[in-house]
Amino acid sequence: MLCRISLCGRRSLRCSSALGYLASREKHTLPDLPYDYGALQPHINAEIMQLHHSKHHATYVNNLNVAEEKYAEALAKGELSDAIKRDFGSFEKLKEKLTTFSVGVQGSGWGWLGYNKDSNRLQIAACANQDPLQGTTGLIPLLGIDVWEHAYYLQYKNVRPDYLKAIWNVINWENVAERYRACKK
């Protein structure tokens, strides 16, 4: 599912999954006005501007954050989400662990979220070069993150952690969930 999102003056962001976007983004904040509250006087007084900006607009921003948190929770429900919580404690912990494994790949390779059919558990692994996940670890691949420099060098140069922070915005969690359901059959 591709979507375009533009919120609170942020530029549009293309994402393949609302869950990936919502889970990795920072909360919205009330933007500063580029002028003083009294700048529109005598036509609109400073008190009205202050009230609308710091109270009304701030309330809209706060309510947006609450709504997005509830939306992310609703999207995250399901088999894959339950397995992530069971095996990692939370989506954030999965994200941290997979990012750490992926940053740690020496040279070229992949960071993986895989399924261990024997233990019925999700596991994180890293593979060097072209080594296949299932062939080297026995894990069924659910999500692979390419950490070969060709995947990110033009945009992120040699700063792999910045690339890995950004990659969470484009993961197709519907596809990962489909793979998880398929391997459990």
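Residues numbered from 1 in each chain as written. Predicted model: local features only at pLDDT ≥ 70, side-chain atom pairs only at ≥ 80, totals over all residues. Heavy atoms only, no water.

Novice: What is the right way to look at the UniProt feature "binding site: Mn(2+)" (unreviewed entry) in the chain in this model?
Specialist: The feature "binding site: Mn(2+)" (unreviewed entry), as given by UniProt, occupies His52, Asp146 and His150 in the numbering adopted here. With respect to the element layout, Asp146 can be found in strand S5 (residues 140-146). Excluding its chain neighbours within four sequence positions, the residues that come into contact with Asp146 are Gly109, Trp110, Ala151 and Tyr163. Reaching out from Asp146, the side chain makes a polar contact with the backbone nitrogen of Trp148 at a distance of 2.9 Å. Its location among the elements puts His150 in the loop between S5 and helix H6 (153-156). (UniProt positions renumbered as here; feature names shortened; annotations may be inferred. Helix = DSSP H or I, 4+ residues; strand = E, 2+ residues; numbered from the N terminus. Contact = heavy atoms within 4.5 Å. Polar contact = N/O pair within 3.5 Å; in protein donor to acceptor, adjacent residues only side chain to side chain.)

Novice: I would appreciate a short explanation of the pattern of salt bridges in the present structure.
Specialist: When the charged atoms of two side chains with opposite charge come close together, those side chains can pair. By the definition in use, this model includes 2 salt bridges. The shortest N-O distance in the salt bridge between Arg86 and Asp87 comes to 2.7 Å. Each of Arg86, Asp87 and Arg121 takes part in salt bridges that share partners, so that together they form one network. (Salt bridge = Lys/Arg side-chain N within 4 Å of Asp/Glu carboxyl O.)

Novice: Is there a simple way to explain the packing of helix H3 (residues 79-88) against helix H8 (residues 173-183) in this structure?
Specialist: Two measures define how a pair of helices packs: the angle their axes make with one another and the distance between the axes. In contact at an axis separation of 9 Å, H3 and H8 are set at 85 degrees when each is read in the N-to-C sense. In terms of their interaxial angle, H3 and H8 are classed as roughly perpendicular. Of the residues in H8, those touching H3 at Glu79, Leu80, Ala83 and Arg86 are Trp173, Val176, Ala177, Tyr180 and Arg181. Grouping the constituent residues of the contact of H3 with H8 by class yields 6 nonpolar, no polar and 3 charged. (Axes fitted to C-alpha atoms, helices over the stretch in contact; angles between N-to-C directions. Parallel < 35°, antiparallel > 145°, perpendicular 65-115°, else oblique. Nonpolar A, V, L, I, M, F, W, Y, C, P; charged D, E, K, R; others polar.)

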